[in-house]
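Below are the chains, spelled out letter by letter.
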Amino acid sequence: MKATDSAMPVSQALPRERGLLLRNLAEFQTELARVAAGFVPGMSAWLVRIGWPREIFADFRMVQDLRTRHRELGVMPGEIHLSQAAPARALIEVLCAAPTPAAAFAGITLHVKPRLAVWIEGLLHEARGIYDLPTVPLLEANIELLRRQTAWAREQMPAVGAVDSGFETCLEAALANLGSELARPDRRHVDQVRAGRRIGRLPLLDGVVPDGFALRATLPPRPSDDSPYAARERYYAFNFLQEVQAADSCGAILFEAPDMPWDFYFDAARHMWDETRHSKFGELKLNALGLKVTDVTLSTTAYRLRQTLAPHDRYAALTTQEADAFPGKHQGLKEALENHDAVGAMTWSYDIADETQHVRYGQKWLPALIKAADDPRSPEQVRADAENWRAAVLLATYRPVAVEPASR
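Residues numbered from 1 in each chain as written. Predicted model: local features only at pLDDT ≥ 70, side-chain atom pairs only at ≥ 80, totals over all residues. Heavy atoms only, no water.

S.K.: In this structure, what is going on with the overall build of the protein chain? I would like to understand it.
M.R.: Along the backbone of the protein chain there are 16 helices and two strands. Scaling as 2.2 N^0.38, a compact globule of 408 residues should have a C-alpha radius of gyration of about 22 Å, and the protein chain matches this with 23 Å. Taken along its principal axes, the extent of the C-alpha atoms in the protein chain is 85 × 50 × 40 Å. The buried share of the protein chain, reckoned over its 408 residues, is 55%. (Helix = DSSP H or I, 4+ residues; strand = E, 2+ residues; numbered from the N terminus. Rg over C-alpha atoms; globule rule 2.2 N^0.38 Å. Buried < 20%, exposed > 50% of the residue type's maximum accessible area, 1.4 Å probe, protein only.)

Have a look at this one:
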């Protein structure tokens, strides 16, 4: 410890003081990432639409490490993440009220994150030498992550578009209190949020069709079983591309969900990123077939219909749909192998691995979501209701009745 540190108040030198700062940072970054997830369905720039979920999951991985460290310093996280208790609540509300998703993207990545990196640098400079050495690499990694994300966002801004200067002025005013909010050791007493959240312009009731794509209301007719494999593999590629809607629904759930154990948000962020990867699988397969991604159409129908449901019913609809899809996935893998389609086989194999994990997420978190929402129904009843909704609403609206005839 430096000689000048001998005059430091004892309370400021204790591990718990450091732990409280790390807890505040973890809770703020959690809420910031949830707001980002809520705006993902509104991003019209394709590379941001499928790229931002990866960055959001990286945020949650960072928070996971921060939570481990503040627990080691004696500041235990509560059983439930209380969103209303997170620092800088006014700043979060300003972001949720962004006039456009583009403004929210710029606000989060080009304004809030650089300011947050500066504040974390201050924490790093105040490190207690060898006493708090385990915290140092976490803070350094956090700064590096935030700066990399800001650089990535700057590269995307020409495609994202202009941002209203009035919003940026309002945001900068709210940012003035970020440091003092993060440094507050006390924690406000708040009630647990039990209903789906509504803040500012979030949640988004419909997604946007990314720039360069044409809109399609329904899926194309499925090729018949005796169609040439070329017709079926193109259909499969199209279907994988549509999984961007599943990512959008995960993002909406991540923002809207009531107060839950923190691990739920981590798993929901991973689920969202996986679905954008699956959409990218479709893009890669289309490229292998000599097609550009914008040569096919995209739909927002499934996302829009799921948005009519409460978060726990929506989660049930999403995860039961994934559970029911495995026979078709294994058939697709079999066809790819039989036709020596290496790209298709890899696509199906990794999709099956990911979706298996997503079904586990559903089994783990649906009961907790139902409990958090104070819904008297059992998990079995909620799943049954979700399956009925999918048949009566989603499939009836989204899937065409006709089957594409075999090419002769």
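S.K.: What's the story with the pattern of salt bridges in this structure? I'm lost.
M.R.: Note that side chains of opposite charge can pair when their charged atoms are close. Within the structure shown, the criterion is met by 28 salt bridges. The residue Arg-89 makes a salt bridge to Glu-93 at a minimum N-O spacing of 3.4 Å. With a gap of four residues between them, Arg-89 and Glu-93 both fall in helix α4 (residues 89-96), about one helical turn apart. We classify Arg-89 as buried; its relative accessible area is 15%. Across the pair Arg-198 and Glu-256 runs a salt bridge whose closest N-O atoms are separated by 3.1 Å. Pair noted here: Arg-198 is in the loop between α8 (178-183) and β1 (222-223) and Glu-256 is in helix α10 (residues 244-256), with a separation of 58 residues, a long-range link. A network of salt bridges, in which partner residues are shared, links Arg-18, Arg-69, Glu-72 and Asp-132. (Salt bridge = Lys/Arg side-chain N within 4 Å of Asp/Glu carboxyl O.)

S.K.: Explanation requested: the environment of Ala-268 in the structure shown.
M.R.: Its place among the elements puts Ala-268 in helix α11 (residues 262-288). A residue is classified by how much of its surface remains accessible, and Ala-268, at 6% relative accessible area, is buried. Along the sequence, Ala-268 and Pro-210 sit 58 residues apart, while their C-alpha atoms lie 23 Å from each other.

S.K.: Help me understand the confidence of the model for the protein chain, please; the structure alone is not making it clear to me.
M.R.: Regions with low pLDDT should not have their predicted coordinates read in detail. Confidence along the protein chain averages 92 in pLDDT terms, with 94% of residues attaining 70 or more. Here residues 1-11 is modelled with pLDDT under 50, and outside its nearest four sequence neighbours on either side it reaches four contacts, counting other chains as well. Below a pLDDT of 50 lies the segment residues 402-408, which in the model reaches 19 contacts outside its immediate sequence neighbourhood of four places, other chains included. (pLDDT = per-residue confidence, 0-100. Contact = heavy atoms within 4.5 Å.)

S.K.: Got a minute to help me understand unusual backbone geometry in this structure?
M.R.: What you tend to see is this: most non-glycine residues have negative phi, and most peptide bonds are trans. At the junction of Leu-202 and Pro-203, the peptide bond is cis and its omega measures out at 5 degrees in the coordinates. Inspection of the secondary structure puts Pro-203 in the loop between α8 and β1. Although it is not a glycine, Ala-88 adopts a positive phi angle of roughly 60 degrees. Locating Ala-88 in the fold gives a position in the loop between α3 (46-72) and α4. We note that His-340 has phi near 55 degrees; this positive angle belongs to a residue other than glycine. Positionally, His-340 belongs in the loop between α14 (326-338) and α15 (342-372). For His-340, a relative accessible area of 73% translates into the label exposed.

S.K.: I keep staring at helix α7 (residues 165-175) and nothing clicks. Help me out?
M.R.: Residues spaced three or four apart along an α-helix point in a common direction, a consequence of the helix completing one turn every 3.6 residues. Those residues of α7 that sit buried are Phe-167, Leu-171, Ala-174 and Leu-175. Viewed end-on, α7 has its buried residues packed into an arc of 100 degrees, placing them on one side of the element. Those residues of α7 that are exposed and aimed more than 90 degrees away from the buried face are Ser-165, Thr-169 and Ala-173. Packing partners of the buried residues in α7 comprise α4, α5 (101-125) and α8. Here α7 starts with a cap whose side-chain oxygen sits 3.0 Å from the backbone nitrogen of Gly-166, and that cap is Asp-164. (Arc of directions from axis to C-beta. Polar contact = N/O pair within 3.5 Å; in protein donor to acceptor, adjacent residues only side chain to side chain.)

S.K.: Please clarify how the environment of Pro-77 should be interpreted in this entry.
M.R.: Take Pro-77: it is sitting in the loop between α3 and α4. Placed 25 residues apart in sequence, Pro-77 and Ala-102 show a C-alpha to C-alpha distance of 33 Å. Setting aside chain neighbours within four positions, we find Pro-77 in contact with Arg-67, His-70 and Arg-71.

S.K.: Would you mind going over the packing of aromatic side chains with me for this structure?
M.R.: Two measures describe an aromatic ring pair: the distance that separates the ring centres and the angle between the ring planes. Counted according to the given criterion, the structure contains 14 aromatic pairs. Pairing Phe-57 with Phe-266 gives two aromatic rings, centres 5.1 Å apart and planes at 55 degrees, and the pair type is tilted. One end of the pair, Phe-57, is in helix α3; the other, Phe-266, is in helix α11, with 209 residues separating them in the sequence. Each member of the pair, Phe-57 as well as Phe-266, is classed as buried. A network of ring pairs unites the aromatic residues Phe-57, Phe-60, Trp-262, Phe-266 and Trp-273 as a single cluster. (Phe/Tyr/Trp six-rings, centres within 6.5 Å; stacked < 30°, edge-to-face > 60°.)

S.K.: Looking at this model, I keep getting lost on the nonpolar core. Mind explaining?
M.R.: The nonpolar side chains of a soluble globular protein tend to be buried with one another. In this structure, Phe-28, Trp-52, Ile-56 and Phe-264 are the most contacted members of the largest nonpolar core, which totals 112 residues. It is α5 that provides the largest number of residues to this core, a total of 13 residues. Setting aside chain neighbours within four positions, we find Phe-28 in contact with Pro-87, Ala-88, Leu-91, Ile-92, Val-112, Leu-116, Leu-178 and Leu-182. (Core = buried A, V, L, I, M, F, W, Y, C linked by side-chain atoms within 4.5 Å.)

S.K.: Whenever I open this one, the environment of Ile-120 confuses me. Can you help?
M.R.: Within the secondary structure layout, Ile-120 lies in helix α5. When near neighbours in sequence (up to four residues on either side) are disregarded, Ile-120 contacts Leu-25, Leu-139, Asn-142, Ile-143 and Leu-146.

S.K.: Can you walk me through the side chain of Asp-259 in this structure?
M.R.: One can find Asp-259 in the loop between α10 and α11. Buried charge Asp-259 goes without a salt bridge, the closest partner of opposite sign being Arg-34 at 4.7 Å. For Asp-259, the contacting residues outside a window of four places in its chain are Ile-80, His-81, Leu-82, Ser-83, Asp-191, Gln-192, Val-193, Tyr-265 and Ala-372. (Lys, Arg positive; Asp, Glu negative; His and termini not counted.)

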